[in-house]
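# Structure assessment
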Amino acid sequence: MTDMTYEDILFDKKDGVATITINRPDKMNAFRGQTVEEIIHAFNLAGWDKEVGVIVLTGAGDRAFCTGGDQSAHEGQYDGRGTIGLPMEDLHSIIRDVPKPVIAKVRGYAIGGGNVLCTISDFTIAGESAQFGQVGPKVGSVDPGYGTAFLARVVGEKKAREMWYLCRRYKAREALEMGLVNAVVPDDQLDAEVDRWCAEILEKSPTAIAIAKRSFNMDTEHQRGIAGMGMYALSLYYDTDESKEGGISFKEKRKPDFRKHYMRKG
Ligand SMILES: CC(C)(COP(=O)(O)OP(=O)(O)OC[C@H]1O[C@@H](n2cnc3c(N)ncnc32)[C@H](O)[C@@H]1OP(=O)(O)O)[C@@H](O)C(=O)NCCC(=O)NCCSC(=O)c1cc(O)c2ccccc2c1O
């Protein structure tokens, strides 16, 4: 693998556990194109390293795990590679493709694309400060594929639609009840709890776990295709005034008026 100097993430490997930390606390750990490239690189590094048995994905600081796409790097399309200017299909795919469990360790907000990262991870362990939610229809975006269809597999159709259409926020205990997270502990015990889960995983047969992971994935593999196709629709949507209203109103800290632009269409 080619080397990469990380600017937006931290990478650590210790005692069989690789930890990838999104390190943009001043942006609530929102990701720009560069961030996504670095996370993909780190997953490839850890994913095929036989010394690594489990990968922990987390965010720096205590305010947010990740709040999704960086709204300051977003006017219509994002600032990086791929159909929408963020290689999200590649990131979601690598989290599923690495043949070892991925644990999302969450303090604070897991919003938008941050919630999607938790949804796709094999496990989510949350501190009591965690809050989960989707915001796409509030900010002029949507995640076609894993963020929607796979979320429905995780929390059920009704709850997934509620999350997307209403854009509410859910506290850690509510997320536990709906099956979005595996365990909730006080924030100051979160690191120790995740360490315990990692130690339990590391005692098990890595090959058996790899086969189990592939088997779970195969049942929803068609959703990769939905994501690939949907990104093209999303890219066209990003060029509309209706979508742009979401990003602009967020930056201007006001309520969006989507219907004004929607009603103008033929
Ligand atoms: C995260 C919040 C719920 C926090 O609300 P709160 O009221 O506590 O605080 P503020 O709103 O005042 O925010 C504090 C501070 O942080 C900045 N900030 C927050 N989130 C972002 C962000 N994503 N990008 C940039 N900056 C952010 C905010 O501007 C404030 O800065 P100040 O300088 O004013 O202090 C709330 O902030 C919130 O709801 N944020 C919106 C998050 C958002 O819009 N995310 C992007 C959604 S789209 C997306 O994530 C996405 C992800 C995918 O994976 C996709 C995959 C495929 C297709 C599409 C995808 C996609 O669109």
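Residues numbered from 1 in each chain as written. Predicted model: local features only at pLDDT ≥ 70, side-chain atom pairs only at ≥ 80, totals over all residues.

### A word on the sheet that holds strand β11 (residues 170-171)
What the four strands build is an open sheet, ordered β4-β8-β10-β11; its pairing is mixed. Every other strand in the sheet has two partners, leaving β4 (64-66) and β11 as the edge strands with one partner each. Pairing of strand β8 (residues 109-111) with strand β10 (residues 131-133) involves three bridges; the strand directions are parallel. Each bridged residue has a counterpart across the sheet, and for Tyr109 the counterpart in β10 is Gln131. Along the sheet, helix α3 (residues 113-120) makes contact with β4, β8 and β10, crossing β8 at roughly 90°. (Pairing = 2+ DSSP bridges. Helix = DSSP H or I, 4+ residues; strand = E, 2+ residues; numbered from the N terminus. Contact = placed C-beta atoms within 7 Å. Axes fitted to C-alpha atoms, helices over the stretch in contact; angles between N-to-C directions.)

### Looking at the UniProt feature "site: Important for catalysis" (unreviewed entry) in the protein chain
This chain's UniProt record puts "site: Important for catalysis" (unreviewed entry) on Tyr78 and Tyr238. The greatest C-alpha distance among the annotated residues, which extend across 161 residues, is 9.3 Å, indicating that they converge on a single site. Residue position: Tyr78 is located in strand β6 (residues 77-78). With near-sequence residues (within four places) excluded, Tyr78 lies in contact with Arg32, Gly33, Gly69, Ala73, Ile84, Gly85 and Leu86. In this fold, Tyr238 is placed in helix α10 (residues 222-238). For Tyr238, a count of 21 C-beta atoms within 10 Å corresponds to the buried category. (UniProt positions renumbered as here; feature names shortened; annotations may be inferred. Buried ≥ 20, exposed ≤ 12 C-beta atoms within 10 Å, placed from the backbone.)

### Quick look at the pairing of strand β9 (residues 123-127)
Burial analysis of β9 places four of its five residues in the buried class, the great majority of the element. Pairing geometry for strand β7 (residues 102-106) and β9, over four bridges, is parallel. Bridged to Ile103 within β9 is Phe123. As judged from the three bridges shared by β9 and strand β12 (residues 183-185), these two strands associate in the parallel manner. Bridge pairing in β12 places Gly127 opposite Val185.

### Details of the pairing of strand β1 (residues 9-14)
Pairing between β1 and strand β2 (residues 17-22): six bridges, direction antiparallel. Counterpart to Lys13 in the pairing with β2 is Ala18. Where β1 hands over to β2, the hairpin turn is made up of two residues, of which Asp15 adopts a positive phi near 50°.

### Structural notes on the site of the ligand
In the neighbourhood of the ligand, 24 residues make up the surrounding shell, with Ala30, Gly68, Gly112, Gly113 and Ser141 lying closest. Among the elements of the structure, β8, α3 and α4 (136-139) are those that each provide at least two residues to the shell around the ligand. Here the residues of the shell around the ligand are counted per class, giving eleven nonpolar, ten polar and three charged. (Near = placed C-beta within 6 Å. Nonpolar A, V, L, I, M, F, W, Y, C, P; charged D, E, K, R; others polar.)

### Here's the deal with the environment of Phe132
On the secondary structure map, Phe132 appears in strand β10. Taking the C-beta count within 10 Å as the criterion, Phe132 has 27 such neighbours and is therefore assigned buried. In sequence terms Phe132 and Cys118 are 14 residues apart; their C-alpha atoms lie 9.1 Å from each other. Discounting residues that sit within four places of it in the chain, Phe132 has contacts with Ala110, Asn115, Cys118, Tyr170, Ala175 and Leu180.

### Here's the deal with the sheet that holds β1
Taken together, the six strands give an open sheet; going across it, the order is β1-β2-β3-β7-β9-β12, and neighbouring strands pair in mixed fashion. Looking at which strands have only one partner, the edges of the open sheet turn out to be β1 and β12. Strand-to-strand, the axes of this sheet are offset by a mean angle of 20°, without reference to chain direction. As paired strands, strand β3 (residues 54-59) and β7 are joined by four bridges and run parallel to one another. Note on β7: the bridge partner recorded for Thr58 is Lys105.

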